[in-house]
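# A look at the structure
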Amino acid sequence: MNTWIYDNSFEGFLTLVFNCYELNIFPDIIKGNRNNQPSIFPESYEVITDETKAKRVWNGLHKKISNSSCQLLYHAFLSEICDVELMILHYIREVFESPINIELNFGNHYILEMLKMDKKVTREAQRVLMFTRFQKTTDEIYYASFDPKYNVLPLTINHFENRFADQKWIVYDTRRNYGFYYDLINSTEFRFTENTINRNTGTIDKSMMAEDEQLFQELWKSYFKSMCIKERINPKLHMQLLPKRFWKYLTEKQNNE
Amino acid sequence: MKEEVIKKLEILAGAAKYDVSCSSSGSNRSNTNKGIGNAAYCGICHSFTEDGRCVSLLKVMMTNYCMYDCAYCANRKSNDIERTALSVDELTELTISFYRRNYIEGLFLSSGVVKSPDHTMSLMTRVAKNLRTLHNYNGYIHLKSIPGASPELIRQAGLYADRLSVNIEIPTEANLKLLAPEKDYTSIYTPMNSIHQGILENKEDTKKIRSIPKFVPAGQSTQLIIGATPDTDNHILSLASNLYQHQQLKRVYYSGYIPINTNDSRLPAIITPPLVRENRLYQSDWLIRFYSFKVDEIVNEKHPNLDLDIDPKLSYALRNPWMFPIDINKAPYELILRVPGIGVNSARLIIASRQFGKINSYQLQKMGVVMKRARYFITCNELSSPTVNEIKPENLKLLLMKQLPKAKKVKYPGQLKLFDVA
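Read on for a plain summary of the structure.

Rules and cut-offs
Residues numbered from 1 in each chain as written. Chains lettered and ligands numbered in written order. Predicted model: local features only at pLDDT ≥ 70, side-chain atom pairs only at ≥ 80, totals over all residues. Heavy atoms only, no water. Contact = heavy atoms within 4.5 Å. Buried area = accessible area lost by both parts, 1.4 Å probe. Salt bridge = Lys/Arg side-chain N within 4 Å of Asp/Glu carboxyl O. Polar contact = N/O pair within 3.5 Å; in protein donor to acceptor, adjacent residues only side chain to side chain. Helix = DSSP H or I, 4+ residues; strand = E, 2+ residues; numbered from the N terminus. Nonpolar A, V, L, I, M, F, W, Y, C, P; charged D, E, K, R; others polar. Phe/Tyr/Trp six-rings, centres within 6.5 Å; stacked < 30°, edge-to-face > 60°. Buried < 20%, exposed > 50% of the residue type's maximum accessible area, 1.4 Å probe, protein only. Disulfide = S-S within 2.5 Å. Expected span 1.5 Å × (residues − 1). Patch = residues over 30% accessible without salt bridge, like charges linked within 9 Å, V, L, I, M, F, W, Y side chains within 5 Å. Areas by Shrake-Rupley, 256 points an atom, 1.4 Å probe, with all protein chains shown as cover.

With that settled, the discussion passes to the interface of chain A and chain B. Residue-level contacts link 59 residues of chain A with 59 residues of chain B. In total, chain A and chain B occlude about 5200 Å² of area from one another, counting both sides; carbon and sulfur atoms represent 59% of this. Between chain A and chain B we count 4 salt bridges in total. Salt-bridge contacts for Glu213(A) lead to Arg101(B); the nearest nitrogen and oxygen are separated by 2.8 Å. In this structure, the connection of chain A to chain B is made through 32 residue pairs in polar contact (both at pLDDT 80 or more). Elements represented by at least two residues in the side of chain A that touches chain B include exactly helix 5 (109-131), helix 6 (153-163), helix 7 (213-226) and helix 8 (235-241) of chain A. For the side of chain A that touches chain B, the leading source of residues is helix 7 of chain A, giving 11 residues. Within the side of chain A that touches chain B, the residues separate by chemical class into 31 nonpolar, 15 polar and 13 charged.

Below you can see the structure in the form of structure tokens.
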């Protein structure tokens, strides 16, 4: 088995693709080495991320397929689904090795799969936009946490920046333990070092909540309750539209303590 | 903001919940000067109620006091319910505070009619105006125009709102007059026409001057109550299709009648709302807007009502077996769209892919085609299924109905005698 290891970054993956073509060897297994631990795979080849190489592959792809297909590929990468790197590598090979542009040939397994993965990831990103609930803190920062199935946080920042341009905010991925802080001008990536946030509920400590925060949470809960038409109650549909894994961070789904 | 607002919001949100409009789409207002909010063109839902409806807007009434006495309405004058009102400032603060916490995509404001239609309309407009001008708010605003409000006021409202809507409620004027004595079609169509006119003029003006303020950029919508009167689906869908074509409405909502005022003899005695019929109407509406079906292909004099057992597209296919089977590898997009089990997405994938080679049934399935249904209506490469013509439409209907998930039997005993003569 031919195992290649890279650093989990998209640039790292593109460097890996570059090396494949350079050495004309293609891996059977691709493993991420997220925490830079020493390799546990004896017969493995370690890819060293190189921005120039990554750029060359990325530009090469843009010459073969449209912008939107390149985006698709990036989204599939963010899915972090098991063996997605191999799947993308297959896709890239099909694209590079075909004399014509085949990005619309959905009869092809890899091309259709890429489309489906993109759909899953953009849907999850959309859900983050839908189900994010900010809580106002005493220092006027709006805080929200969530733990999406796929690594979609980078896909949502633009939306939050455009929408909440006049308030400071933090969005935090508790599963991957990183987030973004927006200071009214820029948003920067960061990582919490202390346990200021309750990991189970995503709620901030009451002592840090703005004075009227509790009231607005109550208002929202009571609004949510009043909107339901009891003659039409449909728990199955409700669950399908509002999956349970999101409930723990949803104000309207939290029990009053 | 005070605690007592909780009670008011409870009452006024409860009063507004029967308005089914929930969309926040069609407007792409951008955030200007680092203000608050923008409007996403596709619209974004933020939650779902336990009845499975989407919550994207703070849907609330300014007040549930009302001088009208419409038979189907929870807030009619003669009902003995708790009445309250939210002030303009309370409404703006609620909207902004909910918006900042990402609870909502914007505001949907309606109201009972107090003092006069114009008085009510101008109060509602003030909420929208304050949000836009005092708070630099660029999120979505949907205002319900009050029947009978003057065209000037509607014009003003349209400068701040993304969408305006005038509810028709009852599909025929005679029945409307019976159920809502203070309303008539003039009071509904006058504002609807002036909104339409305003949109057309605004389009012309923006061609000349780019910076002109938008007028109702997300267009207008309306709502029809289904099952409170004996109007047929043919009648309802013809009305809707007319509105799409001639008033360029963005959406027509269908609201299955819920018996709120059970003791009114003008209304039918039903136990559960006609949810299946409502669903079939939405499916038909979809066929008209996205599948280029004509109304008389779905319902007509001979078939005035929709089949409640199967969806309207399958029903159409079974009534028109002569046009099948359709060759997936040759037929144009419009025809492929008519195959039961093939939606807009899979039809597009089929068209895009077949330039690279013939498509087989295995690939169709992977593209999302529901082969259980589609197989009787298509030919593709190697697929060897009997077609609808070989099985005969009536047999195929029974066969396919058996495969459907067991639909809940909804009792729908029909209308009261009074309406049968009306």
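A few words on the packing of aromatic side chains. Overall, the coordinates contain 32 aromatic pairs over all chains when judged by the stated rule. The interplanar angle of 80° and the centroid separation of 5.7 Å between the aromatic rings of Tyr21(A) and Phe96(A) together place this pair among those described as edge-to-face. With Tyr21(A) in helix 1 (residues 10-23) and Phe96(A) in helix 4 (residues 84-97), this residue pair connects regions lying 75 residues apart in the sequence. With 5.2 Å between their ring centres and 80° between their planes, Tyr254(B) and Tyr282(B) make a pair best called edge-to-face. Note that Tyr254(B) is positioned in strand 8 (residues 251-256) and Tyr282(B) in helix 8 (residues 275-290), a separation of 28 residues in sequence. Residue classification places Tyr282(B) among the partly exposed residues on the basis of a relative accessible area of 22%. An aromatic cluster is built from Phe134(A), Phe160(A), Phe164(A), Trp169(A), Tyr182(A), Tyr99(B) and Tyr137(B), whose rings are joined through pairwise contacts.

Looking now at the state of the cysteines. Residues and elements named next belong to chain B. Under the counting rule described, the total for this entry stands at 0 disulfides over all chains. Left unpaired, Cys54 is separated from the closest cysteine sulfur, that of Cys45, by 3.0 Å. There is no disulfide at Cys70, and the cysteine sulfur nearest it, in Cys73, is 6.1 Å away. According to the relative accessible area criterion, Cys70 is buried, its value standing at 6%.

Right, let's talk about helix 8 of chain B for a bit. All names here are of chain B. Helix length check: helix 8, at 16 residues, gives a terminal C-alpha distance of 22 Å against a target of 22 Å (1.5 Å per residue), a fit within 8%. Three or more residues of helix 8 are buried, namely Arg277, Glu278, Arg280, Leu281, Ser284, Asp285, Leu287 and Ile288. On its buried face, helix 8 sits against strand 7 (220-226), helix 7 (233-246), strand 8, helix 9 (295-298) and helix 10 (312-319). One or two residues past the end of helix 8 sits Ser292, with phi positive at roughly 45°.

With that settled, consider a nonpolar patch on the surface. Together, Leu23(A), Ile25(A) and Tyr45(A) make up a nonpolar patch on the protein surface, roughly 240 Å² of accessible area in all. Considering the arrangement of structural elements, one finds Ile25(A) in the loop between helix 1 and strand 2 (29-32).

So, on to the environment of Arg354(B). Residue and element names in this part refer to chain B. You can see Arg354 is positioned in the loop between helix 12 (344-353) and helix 13 (361-366). As a C-alpha pair, Arg354 and Lys129 span 225 residues in sequence and 52 Å in three-dimensional space. Beyond its immediate chain neighbours, meaning those up to four positions away, Arg354 contacts Ile328, Asn329, Lys330, Ala331, Pro332, Ile336 and Ile359. Within polar-contact distance, the side chain of Arg354 engages the backbone oxygen of Ala331 at 2.8 Å.

Just geometry here; none of it tells us what the structure is for.
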